[in-house]
Amino acid sequence: MFKGLSLFLLLISFTVQAEQWPGEQWPTGPKLTSPAVDALEAYTFPTRDDSTRKGIRTDALLVIRDGQLIYERYAAATAADTPHLTWSISKSLMATVLGVAYGEGLFKLDDAAATFYPALEKHPAITLKDLLHWASGIDWQEDYEYAPLKSSVVAMLYTRGHRDMAAFTADHDSYAPAGQAFRYSSGDSNLLAAALKTIVGPQRYPDYPWTALFDPLGIRHAAWETDETGTFVASSYAYMSARDLARIGLLMERDGRWNDRQLLPKDWVAFNRQPFAGYKAHQDEAVPGGQWWLNRPADGAPSPWPDAPPDTFAALGHWGQALYVIPSEKLVIVRYADDRDGSYRHNELLKRVLGAVRP
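Counting restarts for each chain, with residues numbered from 1 along the sequence as it is written. Local features in this predicted model are restricted to residues of pLDDT 70 or higher, and side-chain atom pairs are both shown and tallied only at a pLDDT of 80 or more, whereas totals for entire chains, interfaces and linings draw on every residue. Working from all heavy atoms in the structure, the side-chain values ignore hydrogens and water.

## A word on the nonpolar core
Here the nonpolar core consists of buried residues drawn from Ala, Val, Leu, Ile, Met, Phe, Trp, Tyr and Cys, with membership extended through side-chain atoms lying within 4.5 Å. With a 1.4 Å probe rolled over the protein chains alone, any residue whose accessible area is under 20% of its type maximum counts as buried; one over 50% counts as exposed, and the rest are partly exposed. One finds Leu 196, Ile 199 and Ile 248 to be the most contacted residues of the largest nonpolar core, which totals 121 residues. Ranked by the residues each element gives to this core, the list is headed by helix H3 (residues 89–103), at 9 residues. Any two residues whose heavy atoms approach within 4.5 Å are treated as being in contact. Those residues in contact with Leu 196 that sit more than four places away from it in its chain are Met 94, Val 97, Leu 98, Ala 101, Gly 201, Tyr 205 and Tyr 208. Labels follow the DSSP assignment, with helices taken as runs of H or I lasting at least four residues and strands as runs of E lasting at least two, numbered in each case from the N terminus.

## Some remarks on helix H9 (residues 208–217)
Working note: α-helix, 3.6 residues per turn, so residues spaced by three or four point in the same direction. Restricting attention to buried positions, one finds in H9 the residues Tyr 208, Pro 209, Ala 212, Leu 213, Phe 214 and Leu 217. Angularly, the buried residues of H9 cover 140° about the axis, an arc narrow enough to put them on a single face. Looking at the buried residues of H9, the elements they touch are H3, helix H8 (186–200), strand E4 (222–224), strand E5 (238–240), helix H10 (242–253) and strand E6 (257–258). Remark: Gly 218 follows H9 within two positions and exhibits a positive phi of approximately 80°. Here, the arc refers to the directions that run from the helix axis to the C-beta atoms.

## Structural notes on the confidence of the model for the protein
Residue-level confidence of the predictor, termed pLDDT, takes values from 0 up to 100. Summing up the model confidence of the protein, the mean pLDDT is 94 and the portion of residues at 70 or higher is 94%. Counting interchain partners and residues more than four positions distant, the pLDDT-below-50 stretch residues 7–16 has 0 contacts.

## As for the sheet that holds strand E9 (residues 293–294)
For two strands to be treated as a pair, DSSP must find no fewer than two bridges joining them. Spatial strand order, E2-E1-E12-E11-E10-E9-E8: 7 strands in an open sheet with antiparallel pairing. The sheet is open, and its two borders are formed by strand E2 (68–74) and strand E8 (287–288), each paired with just one other strand. Here strand E10 (residues 313–317) runs beside strand E11 (residues 321–326); their pairing, made up of 5 bridges, is antiparallel. Note that in E11 the partner of Phe 313 across the bridge is Val 325. Each axis is a line fitted through C-alpha atoms, and for a helix only the stretch in contact is used; angles between axes span 0 to 180 degrees, taken between their N-to-C directions. Sheet strands in contact with H10 are strand E1 (58–65), E2, E10, E11 and strand E12 (331–337), and its direction is about 145° off that of E12.

## Quick look at unusual backbone geometry
At Asp 66, a residue that is not glycine, the phi angle is positive and equals roughly 55°. Topologically, Asp 66 is positioned in the loop between E1 and E2. Overall, Asp 66 belongs to the partly exposed group, its relative accessible area being 30%. Positive phi values are uncommon outside glycine, yet Ala 76 reaches one of about 55°. As for its placement among the helices and strands, Ala 76 is situated in the loop between E2 and strand E3 (84–85).

## A look at the packing of H3 against H10
With their axes 12 Å apart at the nearest point, H3 and H10 run at an angle of 55° to one another. For the element pair H3 / H10, the angle class is oblique. Crossing of H3 against H10: the hand is left-handed. On H10, the residues that touch Ile 89, Leu 93 and Thr 96 of H3 are Leu 245, Ile 248 and Leu 251. Oblique is the label for every angle not falling under 35 degrees (roughly parallel), over 145 degrees (roughly antiparallel), or within 65 to 115 degrees (roughly perpendicular). Take the far helix as your reference; a near helix turned counterclockwise from it by less than a right angle gives a left-handed crossing, and one turned clockwise gives a right-handed crossing.

## Let's talk about the packing of aromatic side chains
Centres within 6.5 Å are what make two rings of Phe, Tyr or Trp a pair, Trp counting through its six-membered ring; a difference in plane orientation under 30 degrees is then read as stacked, over 60 as edge-to-face, and the rest as tilted. Across all of its chains, the model carries 22 aromatic pairs by this definition. Considering the side-chain rings of Phe 182 and Tyr 279, the 5.5 Å spacing of their centres and the 70° angle between planes classify their relative orientation as edge-to-face. Here the residue Phe 182 occupies a position in the loop between helix H7 (165–170) and H8, and Tyr 279 occupies one in the loop between helix H11 (266–272) and E8, the gap between them amounting to 97 residues. Phe 182 gets classed as buried once you look at its relative accessible area, which sits at 4%. Judged by centre distance (6.2 Å) and plane angle (45°), the ring pair of Trp 210 and Phe 232 falls under tilted. With Trp 210 in helix H9 and Phe 232 in the loop between E4 and E5, this residue pair connects regions lying 22 residues apart in the sequence. For Trp 210, a relative accessible area of 22% puts it in the partly exposed group. Accessibility expressed as a relative area gives 3% for Phe 232, which makes it buried.

Rendered as structure tokens:
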């Protein structure tokens with residue numbers, strides 16, 4: 001009996017010891033070298049055209065497998081400790097910060113958003129879950145430089161809405177009942193950031209992303225801009241090094257656990273990775289979950305990234321920013337970029353990374 005128990009404890013000990021976690025630095029694994037790696041680099045790091053900014057313009061590519069850094073390359077002015085603008089990856093970061101507050105029991109998904117952000121009083125039916133699904137029903141135009149005059153997001157970030165982005169969003173009319181329809185909205189994400197101020201309290205709020213999430217994960221190269229009200233610009237303006245962003249990916253890949261601490265409740269991570277039921281085929285480049293993007297078939301359409309496993313999910317940002325997580329492959333991939341012409345394809349990058357890491 002004791003011999004059997006000792007063997008069991010030895011096996012448990014080996015399993016725990018075999019699991020890799022980053023300390024101050026990432027543990028490294030065997031370096032990737034093969035023709036498939038050459039093909040990956042040919043796609044992600046072609047000759048850079050800085051005069052016209054055309055083509056694929058990767059600033060950083062980092063691959064973590066089973067908690068070990070196995071590939072890393074940088075270009076232009078980006079280095080391992082550079083806090084790179086993440087653009088809309090910020091939305092998924094805010095969702096992760098909110099997950100810690102959810103684990104503290106400070107709110108429920110079905111709570112009315114106006115409870116925490118009273119400026120939403122003319123939209124009383126919107127819940128926090130609706131905002132997380134980009135399904136507030138608020139009439140919002142997420143157009144960028146190709147249609148700036150009618151763009152809600154350009155007005156919010158740069159002109160009449162930039163001083164108080166959440167209030168600017170809340171003042172919009174509705175186009176659909178809350179929770180019924182998907183419409184991608186940076187405004188919804190900034191309403192979540194405003195709600196968080198009440199959820200955790202104004203004293204905790206300015207440091208909360210750090211105390212709740214960044215510090216426990218060992219993230220050292222991060223910044224997050226606020227608007228003039230002190231509200232984090234959750235839609236767009238978090239900056240983080242590629243190595244630090246990979247820590248967020250590893251946390252999500254391991255269902256919210258960091259070492260021996262369940263930092264995010266498992267049901268929160270499951271919600272992030274559950275498709276929004278109101279999504280219609282081809283409304284966006286991937287299927288929305290809880291402020292994350294999913295490689296799932298929806299509404300009769302095929303998976304958006306057919307060469308990647310169905311459990312792949314991602315945080316995505318303007319001009320080619322991406323954090324991909326593939327739990328079945330124990331993979332986390334960070335890509336920073338300055339793409340301007342839309343030639344980059346998520347599926348192509350994922351296919352080539354998988355070809356490089358699989359035996």
